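Notes for the structure review
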Amino acid sequence: MGQADLPMVEQFRCWILPDSGSGTADRRAFFSDSLVVLDTNVLLSLYEYNPGVRNQVIAALEQISDRLWLPYRVGQEFVRGRRRVIVERAKELSGASAAIDRHLQQAYQAVLNASEHVKSLLMKYANDDASQTGLDEAINEAAVKGLLSDWQNLLKEHVKQLKSGHDLKPAAIKSDDPVLPKVAALFGDRIAPPTEYRTVQQWLDEALSFRFPNRIPPGFADQGKGTPLDQVGDYFIWAEILEKAAAPEVERVLFVSADTKDDWYQKLDDGGKRPWPQLFDELRQRTGAELLIEQPRQFFQGIEEFLAPKLELSNATYDEIDRAAEAVAQRSAEERPAVTDDNAHIVTPPDGLALEAYRAAGLTTRTARQLAESDRRRHFQWWLIGVTAELGYRDPADDEPPVDLYAAVRSEVRPAPEWYPGTALAQGEWPFRSDTWVAPWFIQLVRDVGETDRLPLQRLAARQVQPKA
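What this report covers is the structure whose coordinates are included nearby. (Residues numbered from 1 in each chain as written. Predicted model: local features only at pLDDT ≥ 70, side-chain atom pairs only at ≥ 80, totals over all residues. Heavy atoms only, no water.)

**Observations concerning the overall build of the protein chain**
- Each helix and strand counted, the protein chain has 21 helices and 10 strands in total.
- Sorting the 469 residues of the protein chain into buried and exposed places 46% on the buried side.
- For the protein chain, the accessible area works out to roughly 24200 Å², and carbon and sulfur atoms hold 50% of it. (Helix = DSSP H or I, 4+ residues; strand = E, 2+ residues; numbered from the N terminus. Buried < 20%, exposed > 50% of the residue type's maximum accessible area, 1.4 Å probe, protein only. Areas by Shrake-Rupley, 256 points an atom, 1.4 Å probe, with all protein chains shown as cover.)

**Observations concerning the sheet that holds strand S5 (residues 290–294)**
- Spatial strand order, S1-S2-S5: three strands in an open sheet with parallel pairing. Looking along the sheet, the strands with just one partner apiece sit at the ends: strand S1 (35–38) and S5. Each strand axis lies, on average, 20° off the axis of its neighbour in the sheet, ignoring direction.
- The sheet contact formed by S1 and strand S2 (residues 252–256) spans four bridges and is parallel. What sits directly across from Val 37, in S2, is Phe 255.
- The strands touched by helix H14 (residues 277–287) are S2 and S5; relative to S5, the strand with the most contacts, the crossing angle is about 145°. (Pairing = 2+ DSSP bridges. Axes fitted to C-alpha atoms, helices over the stretch in contact; angles between N-to-C directions. Contact = heavy atoms within 4.5 Å.)

**Topic: the pattern of salt bridges**
- Across all of its chains, the model carries 27 salt bridges by this definition.
- Of the charged contacts, one joins Arg 323 and Glu 320 as a salt bridge, the two residues approaching to 3.1 Å between their closest N and O atoms. Residue Arg 323 and its partner Glu 320 are both found in helix H16 (residues 315–334); the two are separated by three residues, about one turn of the helix.
- Owing to a relative accessible area of 33%, Arg 323 belongs among the partly exposed residues under this scheme.
- Look at the salt bridges and you will find they share partners, linking Asp 222, Asp 234, Asp 259, Lys 261 and Asp 263 into a network. (Salt bridge = Lys/Arg side-chain N within 4 Å of Asp/Glu carboxyl O.)

**Quick notes on helix H7 (residues 96–125)**
- Here H7 is 30 residues long and its end C-alpha atoms lie 43 Å apart, about the 44 Å a rise of 1.5 Å per residue gives.
- When we look at burial in H7, the residues that qualify are Ala 96, Ala 99, Ile 100, Leu 104, Tyr 108, Leu 112, Ser 115, Lys 119 and Leu 122.
- One or two residues past the end of H7 sits Asn 127, with phi positive at roughly 50°. (Expected span 1.5 Å × (residues − 1).)

**Topic: the sheet that holds strand S10 (residues 436–438)**
- Spatially, S8-S10-S9 is the arrangement adopted by the three strands of the open sheet, whose pairing is antiparallel. Only two strands of the sheet have a single partner each, and these edge strands are strand S8 (408–410) and strand S9 (420–421).
- Note that S8 and S10 share three bridges and pair antiparallel. Within the sheet, the bridge partner assigned to Val 409 lies in S10 and is Trp 437.

**Section: the nonpolar core**
- In terms of nonpolar packing, the biggest core is built from 69 residues, with Leu 38, Ile 241, Val 253, Leu 283, Leu 291, Phe 299 and Phe 300 touching the most fellow members.
- By residue number, the principal contributor to this core is helix H13 (residues 233–245), which donates eight residues.
- If we skip the residues at most four places from it in the chain, Phe 300 touches Val 57, Ala 60, Leu 61, Leu 313, Tyr 318 and Ile 321.
- With 44 residues, the next largest nonpolar core counts Leu 363, Ala 372, Ala 439 and Ala 461 among its residues. (Core = buried A, V, L, I, M, F, W, Y, C linked by side-chain atoms within 4.5 Å.)

**Structural notes on the packing of aromatic side chains**
- Per the stated rule, a full pass over the model turns up 11 aromatic pairs.
- Relative to Phe 306, the ring of Phe 31 has its centre 5.4 Å away and its plane inclined at 45°; by these criteria the two rings are tilted. With Phe 31 in helix H3 (residues 24–33) and Phe 306 in helix H15 (residues 296–306), this pair connects stretches of sequence that are 275 residues apart. Across the pair, exposure class does not vary: Phe 31 and Phe 306 are buried alike.
- Summarising the aromatic geometry, the rings of Trp 383 and Phe 442 are spaced 5.5 Å apart at their centres and angled 70° between planes, so their arrangement reads as edge-to-face. Taken as a pair, Trp 383 in helix H19 (residues 378–390) and Phe 442 in helix H20 (residues 440–448) lie far apart in primary sequence, 59 residues in all. (Phe/Tyr/Trp six-rings, centres within 6.5 Å; stacked < 30°, edge-to-face > 60°.)

**A word on the environment of Phe 236**
- Examined against the element boundaries, Phe 236 turns out to sit in helix H13.
- Judged by relative accessible area, which is 5%, Phe 236 ranks as buried.
- Separated by 165 residues in the primary sequence, Phe 236 and Pro 71 place their C-alpha atoms 8.9 Å from one another.
- Leave out the neighbours within four places in its chain, and Phe 236 touches Arg 73, Val 200, Trp 203, Leu 204 and Leu 229.

**Section: unusual backbone geometry**
- The step from Pro 217 to Pro 218 runs through a cis peptide bond, and the omega angle for that step is -5°.
- Topologically, Pro 218 is positioned in the loop between helix H11 (197–211) and helix H12 (228–231).
- The phi dihedral of Arg 215 falls on the positive side, at around 55°, and the residue is not glycine.
- With respect to the helices and strands, Arg 215 occurs in the loop between H11 and H12.
- Taking the relative accessible area as the measure of exposure, Arg 215 reaches 51% and is therefore exposed.

Geometric descriptors of this kind do not, in isolation, establish any biological role.
Right, dumping it as structure tokens:
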């Protein structure tokens, strides 16, 4: 009898055996007939990829699409997080040129300061005028600017190429998102229904009162992040997987995620990491199914190896998969929960931020200022904060959360029953009267402010809703 056959080893194999007891043969089986669940960060990475890599990744996912299943929480986080990924990438790239100038200006000043320091030493200890003159001829403002100029052009050319290679703009999310239909086609109708409110309350209580205090994975690393519902996202995904895996036809679950935080991965004494054995135990004990957890690179390598060798994903594609997974996971770990139409009314802006946005927008009337600072007009406050940062009227503060809030949207379908058609705004003041829907709080706003600030506010809303170049 081998070690793996001993009853005690079998009982605790998730803790004892390598890879929690899953060998190469078992891994092939997971790619052949398991339920496949993609974490939110895997789907959002599609918005990080350049078009070529995105097409390759979607082609790889099509090899396994008949077994893909979408938890409701993943779908919710995905549709809400798409724009944030695009905006963050666009913001980083748009600010790259200024960052290059800033760094090179520091380098320029540092070189001149170093030269001045050496010249002062030459004067102090050698009274060497000739050497000082030589330094002035070799290292002067014109010479340093000339050297840095070539590097500046080279660096900015790379940034330009990065911008041209990124085909998605923030406005695409509201009008013509090319990624969303492809993701929807991958899943078809294999989508979990909304979780009942009673179940949401039960899971929330279980996570906050029992699992998190006892550091039972997953999700405890998010404790204290935003609202209670913000904290339990990972656990809700896990709870949905447990429910789905209880179905008799599910024997294996392959979960793919770029999240390697401590509430998913156990740190080992040798410095490495592995998925928490409790996850494998819990799924087996509660559903009878086996579990495999893989990171995106491993997963796509498995598709290529076991299902579609002709795909031949390149090393550059795998490097891009790693980069995008890291970017999305890091952003998710560091960022504060976004302010949306659902939660704007209960989130208080940092002190002085709404007033700063009021000034950045060029508003001048006392009425608009009072509304911008009123705790009864949170939607207006947060929209003004978000739109002024998005459109470059001001630099966002370090402590302000991302804002995903629109005063109007261009869509054939009314976003919600209470939204107004664009014709509710005056002709000549609103350029998109025939193809937009306007938020009810914005309609009230334009009625409450005077003409002096009404037009600037409508221009802001129009700039936000129009396609970005």
